[in-house]
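# Summary of the model geometry
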Amino acid sequence: MRVFITGASGHVGSALVPDLRQHGHSVVGLARSDASAARLTEWGAEFVRGDLDDLDGLRAAAEGADGVIHLAFRHDAMMTGDLSAAAETDLAAARAIVDALAGTDKPFVGTSGTGLLGRAGLDRPGTEDDTMPGGYRIDTENFVVDAAAKGIRTSVVRLPPITHSTLDHHGFAPAFITFARRNGFSAYVGDGTNRWPSVHTIDAARLYRLALESAPAGTRLHAVADEGIEVRRIAEAIGRGLDLPARSVTPEQAPEYIGFLAPFAGIDNPTSAARTSELLDWHPTYPGLLEELAEDFYFRTA
Ligand SMILES: NC(=O)c1ccc[n+]([C@@H]2O[C@H](COP(=O)([O-])OP(=O)(O)OC[C@H]3O[C@@H](n4cnc5c(N)ncnc54)[C@H](OP(=O)(O)O)[C@@H]3O)[C@@H](O)[C@H]2O)c1
């Protein structure tokens, strides 16, 4: 398949592009800079220059492909707290891609987060069948899933808050590490018994490929390996890596100590991937988050 990918030059893309190439697909990535274009070329992909605001460019690139994967997200806006700008750009990009693919039965794999289920008030691990009516990133997830009715084989991969590996240079794990270095302690919110799921980048990338190749239309998928690790244990593992103590902060103090992570840090988000594993025969094989935090690469590079 000739696959158009937004965000191909990023963290998840750095595992996904090689995986797709190894499985016989060709890749055209959206590149908004010379540096991103050079990375794509190095990984054996073609590129089309443009950014998420160039909706005509997105439509044209999607029309020229056999399938589309949408990974790009305005993390720059998210990190300055402008969540709505990031989400609006995401939804507009998804709309442009759906315009281009309507009636073709081609696959379109979108991206969402398991974190949305942390706000659903569930008293059990979240499943692929759990949905939310609307909100940050949820509107795009629902729009992409519903676009199955327009003759597109849509699916959405919900990623956990921490997708980890040596390829991860600016996700939530490096961010926690950067804040811990600055604070002199590794912070968690409240008693830290809230749980976060996680997945290795290479396992997540394989799920995107399987979704592209064979997910049924209108499917939500969970890229989850560790169902839920207490955030306090993650903070303690980071503390060990930096030789710093782990310490609780209150929700009110969180913005001071963990900046843009504050709105996410307190959510309890245990998440199951049982349905995804069964549906696509996807079984994570790479090391878990705590195993990786016991190695030194995050502390050398973050
Ligand atoms: N990694 C995680 O732990 C995690 C967790 C939950 C959800 N997600 C979601 O998964 C997706 C991929 O994440 P990631 O970790 O691979 O992110 P990343 O490393 O930050 O990569 C983001 C990609 O989007 C591109 N991009 C950003 N703004 C753009 C714009 N305005 N126009 C065009 N391209 C733009 C970047 O291009 P440049 O290379 O030019 O910067 C890069 O290719 C995102 O939607 C992210 O929010 C990730």
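Everything here concerns the structure above.
Parameters at a glance
Residues numbered from 1 in each chain as written. Predicted model: local features only at pLDDT ≥ 70, side-chain atom pairs only at ≥ 80, totals over all residues. Heavy atoms only, no water. Helix = DSSP H or I, 4+ residues; strand = E, 2+ residues; numbered from the N terminus. Buried < 20%, exposed > 50% of the residue type's maximum accessible area, 1.4 Å probe, protein only. Contact = heavy atoms within 4.5 Å. Lys, Arg positive; Asp, Glu negative; His and termini not counted. Charge placed at Lys NZ, Arg CZ, Asp CG, Glu CD. Core = buried A, V, L, I, M, F, W, Y, C linked by side-chain atoms within 4.5 Å. Domains from an automatic or database assignment. Phe/Tyr/Trp six-rings, centres within 6.5 Å; stacked < 30°, edge-to-face > 60°. Near = heavy atom within 4 Å. Polar contact = N/O pair within 3.5 Å; in protein donor to acceptor, adjacent residues only side chain to side chain. 1 Å grid on protein atoms, 1.4 Å probe; cavity = no way out; pocket = protein on both sides within 12 Å on 5 of 7 lines; lining within 4 Å. Sits in = over half its atoms within 2 Å of the grid points. Nonpolar A, V, L, I, M, F, W, Y, C, P; charged D, E, K, R; others polar.

### Overview of the overall build of the chain
Within the chain, the secondary structure is distributed over 14 helices and 12 strands. Taken along the three principal axes of its C-alpha coordinates, the chain extends 55 × 40 × 35 Å. Expressed as a percentage of its 302 residues, the buried residues of the chain come to 56%. Put simply, 80% of the contacts in the chain that link residues at least 6 apart link residues at least 24 apart. Seen as two clouds, the 27 positive and the 41 negative side-chain charges of the chain have centres 1 Å apart.

### Side note on the side chain of D203
Residue position: D203 is located in helix α8 (residues 201–214). With near-sequence residues (within four places) excluded, D203 lies in contact with W282, H283, P284, T285 and Y286.

### As for the nonpolar core
Within the largest apolar cluster, 39 residues are counted, with the highest numbers of intra-cluster contacts made by F172, W196, I234, I238, I258, L261 and L293. Elements with a minimum of two residues in this core: α4 (75–79), α7 (172–183), β8 (186–189), α9 (231–242), α10 (254–258), α11 (262–265), α13 (289–293) and α14 (297–301). Considering each element in turn, this core owes the most residues, seven residues, to α7. Formed jointly, this core draws a minimum of three residues from each of two domains, domain 1 (2–162 + 198–226) and domain 2 (169–197 + 228–273 + 286–301). If we skip the residues at most four places from it in the chain, I234 touches I162, W196, I229, L289, L290 and L293. Counting residues in hydrophobic clusters, the runner-up holds 33 residues, among them A31, A204, L212 and A273.

### Re the packing of aromatic side chains
Under the criterion given, the structure shown has eight aromatic pairs. Taken together, a centroid distance of 5.4 Å and an interplanar angle of 45 degrees make the contact between F172 and F264 tilted. Residue F172 is located in helix α7, and its partner F264 is located in helix α11; the two are separated by 92 residues in the primary sequence. Here F176 and W196 contribute two aromatic rings whose centre-to-centre distance is 5.9 Å and whose plane-to-plane angle is 55 degrees, an arrangement assigned as tilted. Residue F176 is located in helix α7, and its partner W196 is located in strand β9 (residues 195–200); the two are separated by 20 residues in the primary sequence. Judged by its relative accessible area of 8%, F176 is buried.

### Looking at unusual backbone geometry
Positive phi values are uncommon outside glycine, yet D105 reaches one of about 60 degrees. If you trace the backbone, D105 turns up in the loop between α5 (83–101) and β5 (107–113). You will see that R137, though not glycine, has its phi angle at about 70 degrees, which is positive. For R137, the position within the fold is in the loop between β5 and α6 (138–146). For R137, a relative accessible area of 15% gives the class buried.

### Topic: the site of the ligand
Around the ligand sit 24 residues in total, of which S9, H11, S36, H75 and R137 are the nearest. Take R32: an N or O atom from its side chain is 2.8 Å from an oxygen atom of the ligand. With respect to the pocket detection grid, the ligand is positioned in the largest pocket. Elements represented by at least two residues in the shell around the ligand include exactly α1 (11–22), α2 (34–42) and β7 (162–164). Here the residues of the shell around the ligand sort into 10 nonpolar, nine polar and five charged.

### Focus: the environment of F185
Positionally, F185 belongs in the loop between α7 and β8. F185 sits in the buried class, given a relative accessible area of 4%. Along the sequence, F185 and S248 sit 63 residues apart, while their C-alpha atoms lie 9.5 Å from each other. Once you skip the residues sitting within four places of it in the chain, F185 turns out to touch F179, A180, L244, P245, R247, V249 and Y257.

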